[in-house]
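Okay, here's what each chain looks like letter by letter:
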Amino acid sequence: MGRKKHKLKHSIRKVLKKRAPNRSLLGDVFILIMLLAIGAFLALPLVLVISNAFKPLDEIFLFPPRFFVRNPTMNNFRDLLVLMSNSWVPFTRYFFNTIFMTAVGTAGHVIVASMAAYALEKHGFPGSKTFFKIIITTLMFSPVVTAIPNYLTMSKIGFLDSYLSIIIPAFGFPLGLFLMKQFMVNVPNSLIESARLDGASEWKILWKVVMPMVKPAWLTLVIFSFQGLWNATGGTYIYSEELKTLPYALNQIRLGGIARQGTGAAVQLLMLIVPVTMFIITQSNIIETMASSGLKE
Amino acid sequence: MKWAETSVKNNGTALNKRKNRLKALLTEIYKHRVAYFLVAPFAAVFITFTIIPVLMSIGLSFTYFNMLEAPKFIGFENYRNLFLVDDIFLTSVRNTFVLAIVTGPIGYMAALLCAWFINELPPKIRAFMVLVFYAPSISGSVYLIWGVVFSGDAYGYLNGFLLDFGLINEPSKWLSDPAYMMSSIIVVVLWMSLGAGFLAFIAGLQGVDKTMYEAGYVDGIRNRWQELWYITLPAMRPQLMFGAIMSVTTSFAIADQTAQLCGLPSTDYAVHTVVNHLQDYGQQRFEMGYASAIATILFIIMILSNKGIQNLLKKVGR
C-alpha cells in the first residue's frame, strides 16, 4: 500500500515536471475540469446509443425516458441476427458493398488529393493559383442543387447503378485537397530542393519526403473521408438491391415498425463501432507522429 | 506614307511580343508538365462533378425549369421574385444570418480553444478526450437525443428538469413555439460545431515546431495566452484558414438541424434557413430554376463573408 502511494506520488511529480514552464497549476486544474464538463455533455449521444442497444423493450418505451439501461439484455442483437438472415439479398453482400466503396473511395481520395495538393503548393505552375481559388470558391456552393446536374452527368457517362457513382466523385471532393495543401505549406522547400538535387523523382519526393511529414493531415483526411463514405446510402444513384449499402439495409430494418425499435438501437451501435474504431486507430497514429517529427527547417 | 510605315512597324513588334509571351508561357507549362500530371486526376473528377454542376446551376437560375419540360429562359425573374415577392425568403435570410453570426464565431473559437487545451494533455488521456469531443460528429443519432431533450411535454428531459426545480410551471414547447425555437437550434448547432475544424486544429498543433516555444520562453513570453497569440497561432495559420472556411460553409448551410427537429417548414418559419428554402423548392416542389437562384444568392453571401474573415485572420499574431 505504502509502495503504491509512493509510486503515485512519483508519477504525479513526473507529470508536474513535464509541464511547460509558463503554466500555472491552478489554470491547468481549472481547464481540465472545464474540459471534462464539456466532454461529458458532448459524449451524451454515444452513451445513449450504447445504453439503448442493451435496453429491453419495456425500458425503451418507458416514460419518462431513462438515460441509462437498468436490466441490460442481448435480445436486440439476437433479433437483428434473425432479421438479417431473413433478408432477400445475403447480408454479407451489403457489408461487402459498403466496405468496398469506403475503402476504395477513401484511398483514392487521399492519393488523388495529395498528388494535386503537392503540385499546387510546391510547383506553382501557370494556372495553379487560379485553380486553387476556384476550389475554395466551390466549397461555398450548396450541394443540394448540384445533385441534379450530377445525376444527369452520371447517366450520360454510365455511372448510374454502379459502384463508380459513389467512388469516383469521392476522389474529387475539394475538402481533401484543401486540407492537404494547407498542411503542405509547412513542409520546407529546401528539403524538397535537396531531394531533387539527390536525383529523386517528383513521385518519390511526394511519397517518401512530403507525405511522411504531413502524416497528421492525411490521417485526418482518412477520418473525414471514411466517415462520409461509410454512411453513404447511394440513395439516388444506385437502385439494384445487390449493390445497395449497409446503411440502406440497416435503415430498412430500423423502419420496420415499433417492434423493431430495439433492433434499431442495436443497428445504430453496430454502425458506430467501425467508424469509432477507425477513429481511435487513426488518432493514436497522429499522436505517434508527434514523437517522430521534429524535422524542421 | 510615313505614318503608315510606323503603324505597320508597331503592329509587327506587338505581334512579336505576344508571340514571345506565348512561347515563354508554353515553355513554362512544359517545364511543369509533371505538376500537370499530378493535378490531372483530381482536376478531371473535380471539373466533372463540381465545376460543371455549379455552372449549370447558375445558368439554370435564369430559367423556369420544372424537370419535366426543357428549361425556359426568363432572365432575372427568379431573382426579382425572391427579393420582391417571396417574404419567406427574406425571413430565411434573416434566420440564416442570425444562426451564422451566433454559431460561426463561437463554434470556431470553441473548436480552437478545446483543441489547444486537449493538445497539452498526456497522450493517452488526450486520445480519449479527442474521441469524446468529436463524438457528436461521429454518432448518427444526433437528432434523436435532442428530440428527447427538447420534447414539448413534461416528459422531455429539459422540461422535466425545469419543472422539478420549480423554475417553470408548465412545460414549454422548445421546438414548436417560435419564442424558443431559435435558441434551441443554436444550442444543438453549437453542440455539433466541433467537427472538421476541430480535427484539423488538433492535427495542426502537432506540426508546430517545439523549439519555437523554447525560444519564446527565453524571449520572455509570460503566460499561456501570450504563447498562443505570438507562437502557436501564427505557426498554424494554414489550419486556421481551413477551419475558418469550414466554419463559414457549415454555419451558412445549417438546414438538417432545423428540418429534423422543428420540421420543414417550421412553425411560422421561425427557424427556416436559406438552405431549408432551397430544399423546399428543389426537392419538394421541383422548381429547379428558382432553387438555383436561391443557391446562387447564398453562394455570393458566403463568398463575401469568407473574404471578410480571411482579412481578419491576417491580423493574427501581429
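Residues numbered from 1 in each chain as written. Chains lettered and ligands numbered in written order. Predicted model: local features only at pLDDT ≥ 70, side-chain atom pairs only at ≥ 80, totals over all residues. Heavy atoms only, no water.

Observations regarding the overall build of chain B
Spelled out, the test is: Helical segments are the DSSP runs of H or I of at least four residues, strand segments are the runs of E of at least two, and each set is numbered from the N terminus. Each radius of gyration reported is based on C-alpha atoms, and the globular scaling rule is 2.2 Å times the count of residues to the power 0.38. The rule is simple: take the accessible area with a 1.4 Å probe, protein chains only, and divide by the maximum for that residue type; under 20% is buried, over 50% is exposed, in between is partly exposed. Two residues form a contact once any of their heavy atoms are found within 4.5 Å.
Within chain B, the secondary structure is distributed over 15 helices and two strands. Scaling as 2.2 N^0.38, a compact globule of 318 residues should have a C-alpha radius of gyration of about 20 Å, whereas chain B reaches 27 Å, well beyond that. Projecting the C-alpha coordinates of chain B onto the three principal axes gives extents of approximately 100 × 70 × 35 Å. Looking at chain B as a whole, 47% of its 318 residues qualify as buried. Within chain B, contacts between residues separated by at least 24 positions form 64% of all contacts whose residues are at least 6 apart in sequence.

Quick word on the UniProt feature "transmembrane region" (unreviewed entry) in chain A
Residues and elements named next belong to chain A. As a reminder, the rule being used: UniProt positions are given in the numbering used here, feature names are shortened, and annotations may be inferred rather than shown by experiment.
Under the feature "transmembrane region" (unreviewed entry), the UniProt entry names residues 25-50, 94-119, 131-151, 163-180, 217-238 and 258-281. As annotated, residues 25-50 has a helix share of 96% and a strand share of 0%, and its two end C-alpha atoms lie 36 Å apart. This span, residues 217-238, is 64% helix and 0% strand, and a straight line between its end C-alpha atoms measures 32 Å.

Some points on the interface of chain B and chain A
The parts lose accessible area when they come together, and the size of an interface is often stated as this lost area. Defined as follows: Computed with a 1.4 Å rolling probe, the buried area is the accessible surface lost when two parts are put together, summed over both parts. We define a salt bridge as a side-chain nitrogen of Lys or Arg found within 4 Å of a carboxyl oxygen belonging to Asp or Glu.
Between chain B and chain A, the contact holds 90 residues from the first and 92 residues from the second. Roughly 7,900 Å² is buried in total at the junction of chain B and chain A, and carbon and sulfur atoms are behind 78% of that figure. Looking only at chain B, the three residues that lose the most surface to chain A are Leu38(B), Phe42(B) and Phe49(B), adding up to 10% of its buried area. Connecting chain B to chain A are one salt bridge. A salt bridge links Arg224(B) to Asp28(A); its shortest N-O distance comes to 2.5 Å. The biggest single contributor to the side of chain B that touches chain A is helix H2 (residues 33-60) of chain B, with 20 residues.

Things to note about the environment of Val214(A)
All names here are of chain A. Position of valine 214 among the secondary structure elements: in the loop between helix H12 (202-213) and helix H13 (215-230). Judged by relative accessible area, which is 2%, valine 214 ranks as buried. Leave out the neighbours within four places in its chain, and valine 214 touches Met180, Phe183, Met184 and Val187.

A word on the packing of aromatic side chains
So the rule is basically this: When the centres of two rings from Phe, Tyr and Trp lie within 6.5 Å, Trp using its six-membered ring, the rings pair. Their planes under 30 degrees apart give stacked, over 60 give edge-to-face, and anything left gives tilted.
This structure, assessed with the given rule, holds 31 aromatic pairs over all chains. Ring geometry for Phe131(A) against Phe46(B): centres 5.9 Å apart, planes inclined by 85 degrees, an arrangement best described as edge-to-face. With Phe131(A) in helix H7 (residues 128-138) and Phe46(B) in helix H2, this pair bridges two chains. A relative accessible area of 14% means that Phe131(A) is categorised as buried. Judged by relative accessible area, which is 0%, Phe46(B) ranks as buried. Taking the centre distance of 5.8 Å and the plane angle of 90 degrees together, the rings of Phe97(B) and Phe252(B) count as edge-to-face. Here the residue Phe97(B) occupies a position in helix H4 (residues 87-119), and Phe252(B) occupies one in helix H12 (residues 237-252), the gap between them amounting to 155 residues.

Observations concerning helix H11 (residues 224-235) of chain B
Since the α-helix packs 3.6 residues into each turn, any two residues three or four apart lie on the same face. Spelled out, the test is: Here a polar contact is taken to be a pair of N or O atoms separated by no more than 3.5 Å, where protein atoms must pair a possible hydrogen donor with a possible acceptor and residues adjacent in sequence count only if both atoms sit in side chains.
Of the positions making up H11(B), those classed as buried are Arg224(B), Glu227(B), Leu228(B), Ile231(B), Thr232(B), Leu233(B) and Ala235(B). Contacts made by the buried residues of H11(B) are with helix H2 (25-42) of chain A together with H4, helix H9 (196-206), helix H10 (210-218) and H12 of chain B. By the N-cap criterion, in which a side-chain oxygen at the helix start approaches the backbone nitrogen of a residue two or three places on, H11(B) is capped by Asn223(B), the distance to Trp225(B) being 3.1 Å.

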